[in-house]
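Structural description and commentary
Chain by chain, the residues:
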Amino acid sequence: MNGSVHHVMMMTFDAFPEHTLSVFLVPQLVNARELRQSLMSGTLEPEAALIDAGTLAHLLIVKAAAGLALQHHARGTLRTKTLHSELVYSLSGSKHIGSSLGTFGIKDDTACLLVAKFDASDEDMNALRNLVASNECILEEEEDINAYIDTCRDEKAITKAYKIVDQELQIGSLVDAIVCRIAARDSRQGVSCSSSSSSSCFASSSSFLHAFSRAYTIESGCNASFFRSIGDNLKRRWNSSSKMMNSSSKMGWISRIDRYNNYGNGMIWSIIGINGAVYLLWKSNPRFCQRHFVLTGSSVYSRPHTLVTNAFSHPEFGNLAANMIALYFFGANVARLFGGKTVLGLYLAGSVASNITHLYADGSPLTRRRFGRRDTPLYGARGSVQSIGIVSILMYPQQTILLYGLIPMPAALLGLLWVWNDLGGILDGYPSSSSSPLNHAGNFMGIVTGVLYYLSFRYRRRW
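Residues numbered from 1 in each chain as written. Predicted model: local features only at pLDDT ≥ 70, side-chain atom pairs only at ≥ 80, totals over all residues. Heavy atoms only, no water.

Attention shifts here to the overall build of the chain. Helix and strand counts for the chain stand at 21 helices and six strands. Relative to its 463 residues, the chain shows a buried fraction of 52%. With an accessible surface of roughly 21,000 Å², the chain has 57% of that area assigned to carbon and sulfur atoms. (Helix = DSSP H or I, 4+ residues; strand = E, 2+ residues; numbered from the N terminus. Buried < 20%, exposed > 50% of the residue type's maximum accessible area, 1.4 Å probe, protein only. Areas by Shrake-Rupley, 256 points an atom, 1.4 Å probe, with all protein chains shown as cover.)

Ranked by internal contacts, the top residues of the largest apolar core, which has 86 residues, are Leu21 and Leu114. Every residue in contact with leucine 114, bar those within four places of it in the chain, is listed here: Val23, Phe24, Leu25, Ala49, Leu50, Ile51, Ala53, Leu56, Leu59, Val62 and Ile145. Residues Phe24, Ala48, Leu50 and Ile106 belong to the second largest nonpolar core, which totals 17 residues. (Core = buried A, V, L, I, M, F, W, Y, C linked by side-chain atoms within 4.5 Å. Contact = heavy atoms within 4.5 Å.)

A separate point is helix 9 (residues 174-184). Of all eleven residues in helix 9, eleven are buried, a share of seventy percent or more. Along helix 9, the residues classified as buried are Leu174, Val175, Asp176, Ala177, Ile178, Val179, Cys180, Arg181, Ile182, Ala183 and Ala184.

We now examine helix 19 (residues 382-395). Residues spaced three or four apart along an α-helix face the same direction, because each turn holds 3.6 residues. In this model, helix 19 (14 residues) spans 20 Å end to end at C-alpha, consistent with the 20 Å of a helix rising 1.5 Å per residue. When you tally the buried positions in helix 19, you get eleven out of 14 residues, the bulk of the element. (Expected span 1.5 Å × (residues − 1).)

The next point concerns the sheet that holds strand 3 (residues 49-52). One open sheet holds the four strands; their spatial order is 1-2-4-3, and the pairing between them is antiparallel. Of all strands in the sheet, those bounded by a partner on one side alone are strand 1 (9-12) and strand 3. Across this sheet, the average inter-strand angle for adjacent strands is 25°, counted without regard to direction. Judged from the four bridges that link them, strand 1 and strand 2 (residues 20-26) form a sheet pairing that is antiparallel. When the sheet's bridge partners are listed, methionine 11 is paired in strand 2 with leucine 21. Against the sheet, helix 6 (residues 142-152) makes contact with strand 1, strand 2 and strand 4 (113-118), and its axis sits at roughly 50° relative to strand 2, the strand it touches most. (Pairing = 2+ DSSP bridges. Axes fitted to C-alpha atoms, helices over the stretch in contact; angles between N-to-C directions.)

The subject of this paragraph is the environment of leucine 21. Within the secondary structure layout, leucine 21 lies in strand 2. Apart from residues lying up to four places away in sequence, leucine 21 is in contact with Met9, Met10, Met11, Phe13, Val62, Ala66, Leu87, Ala116, Lys117 and Phe118.

What follows deals with the environment of histidine 305. With respect to the helices and strands, the residue histidine 305 is situated in the loop between helix 14 (286-292) and helix 15 (306-309). For histidine 305, a relative accessible area of 35% corresponds to the partly exposed category. Note: C-alpha distance between histidine 305 and leucine 295 (ten residues apart in sequence) is 8.9 Å.

Where like charges cluster on the molecular surface, the positive patch consists of Lys156, Lys160, Lys163 and Lys341. Mapping lysine 156 onto the fold places it in helix 7 (residues 155-162). Judged by relative accessible area, which is 71%, lysine 156 ranks as exposed. (Patch = residues over 30% accessible without salt bridge, like charges linked within 9 Å, V, L, I, M, F, W, Y side chains within 5 Å. Salt bridge = Lys/Arg side-chain N within 4 Å of Asp/Glu carboxyl O. Lys, Arg positive; Asp, Glu negative; His and termini not counted. Charge placed at Lys NZ, Arg CZ, Asp CG, Glu CD.)

Attention now goes to the layout of surface pockets. Volume-wise, the second largest pocket comes out at about 780 Å³. In terms of lining residues, the second largest pocket is bounded by 25 residues, among which Ala326, Leu403, Tyr404, Leu414 and Trp418 are the most central. Only helix 16 (317-338), helix 19, strand 5 (400-403) and helix 20 (411-427) provide two or more residues apiece to the lining of the second largest pocket. With nine residues, the single largest contributor to the lining of the second largest pocket is helix 16. (1 Å grid on protein atoms, 1.4 Å probe; cavity = no way out; pocket = protein on both sides within 12 Å on 5 of 7 lines; lining within 4 Å. Points joined across faces, edges and corners; volume = space filled by probe spheres on them.)

This brings us to the pattern of salt bridges. Across all of its chains, the model carries six salt bridges by this definition. As a salt-bridge pair, aspartate 108 and arginine 33 come within 3.5 Å of each other at their nearest N and O atoms. One end of the pair, aspartate 108, is in the loop between helix 4 (97-104) and strand 4; the other, arginine 33, is in helix 1 (residues 32-41), and 75 residues separate them in sequence. Glutamate 140 is the partner of arginine 129 in a salt bridge, and the nearest nitrogen-oxygen pair spans 3.0 Å. Placement of the pair is arginine 129 in helix 5 (residues 122-131) and glutamate 140 in the loop between helix 5 and helix 6, with a sequence separation of eleven residues. Overall, glutamate 140 belongs to the buried group, its relative accessible area being 4%. One salt-bridge network, in which partners are shared between bridges, spans Arg33, Arg36 and Asp108.

A few words now on the packing of helix 16 against helix 19. Orientation of helix 16 relative to helix 19, taken along the N-to-C sense of each, is 45°, at an axis distance of 8 Å. Classified by the angle their axes make, helix 16 and helix 19 are oblique. The chirality of how helix 16 crosses helix 19 is left-handed. The segment helix 16 lies against helix 19, with Asn323, Ala326, Leu327, Phe330, Gly331, Asn333, Val334, Leu337 and Phe338 engaging Arg382, Val385, Ile388, Gly389, Val391, Ser392, Ile393 and Met395. Taken together, the residues that form the contact of helix 16 with helix 19 break down as eleven nonpolar, five polar and one charged. (Parallel < 35°, antiparallel > 145°, perpendicular 65-115°, else oblique. Left-handed = near helix turned anticlockwise from the far one by under 90°. Nonpolar A, V, L, I, M, F, W, Y, C, P; charged D, E, K, R; others polar.)

Just distances and angles here, no functional claims.
Here you go:
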């Protein structure tokens, strides 16, 4: 490391006087890959938050996120494993843990790194300085750090990460918009900003920001009135700019649904709605549904779209209700952690994996020798729902599940029952003469799809 420093920038918090946050900035970082590997493997000593400074607009953002992280730490409601990973997560205005850590945390190609540690001793900071390698001197003065952040930040990527539209920047600054999202993130839990409830949603966020202003004092020339002004801007934004609320019309339909999902479970309800519409279509035109929403080995080449459409097909109401109830409860956990697009991706991936496995098992030589040509039709969302459900179970194994709405059990036990039921069905001679279209082999592959996604997330982002 070239150069040395003697004074560490230390942030204090009025609401948490027993805690401090020490930070320094490393320009021209050259060992980002090694630092990231140490962080992911849990061998980084001392523990610290490693933040990609290119995603920051100002140190004020870090202090707001640190205050939010300390608030959750004090309440025992951390979303991540440690207080330092919670700081990185809190930099995002989104509730999606994986994408937040990936966006704001250190990456293999990070060139400008902000290192932050709560309640650091001099020994801790010296150890952290020795871990980083740079072609320039590290910066520890607030003015120097903010000045360098201004030169290295990627404003286009920042506005994309926080989903900031041009109308907001006409009313306030980029920092205003970001702090507004960080401070109001938890107040938006479960609030859907539809046209009938947008006023209450903005009012809730504004009230939260006024409360936030009483808790934190910003050293960089900003006082508590700064946050109150942001809350007032929220009100003016609702009263004076309807364009901002209509900006989603310029987005793709998947992005629109996913943005709605930030306030509720829009993607889940969209999937449920499509399933309900196909159920009604079964009642009015069963022949059409038989051709376009049922998968068979003999028709898959002429109608390949049935590899996907059959996942939305339920001729029986009981089957539809069971699958959609499971999707709603398990999907809510997955959407909260990973977002609506992940729910849709798992739903479709689980369906395709289940369908391919079904086609292979149904037309395999072993099946033909034992049962003749089967050509068993397949429809329903069981494989898709189990793909989403197993991810939820692996993330929340201790969550209590009511089997059939009556029998309480831990989620982990339900996952084991799914595996036992499907493996038992396969080993019992799939496909049997009484085989249901919702076959055990296909359902089991839905579980495997969910497990593979969970493992990829766990080993890709071990913070």
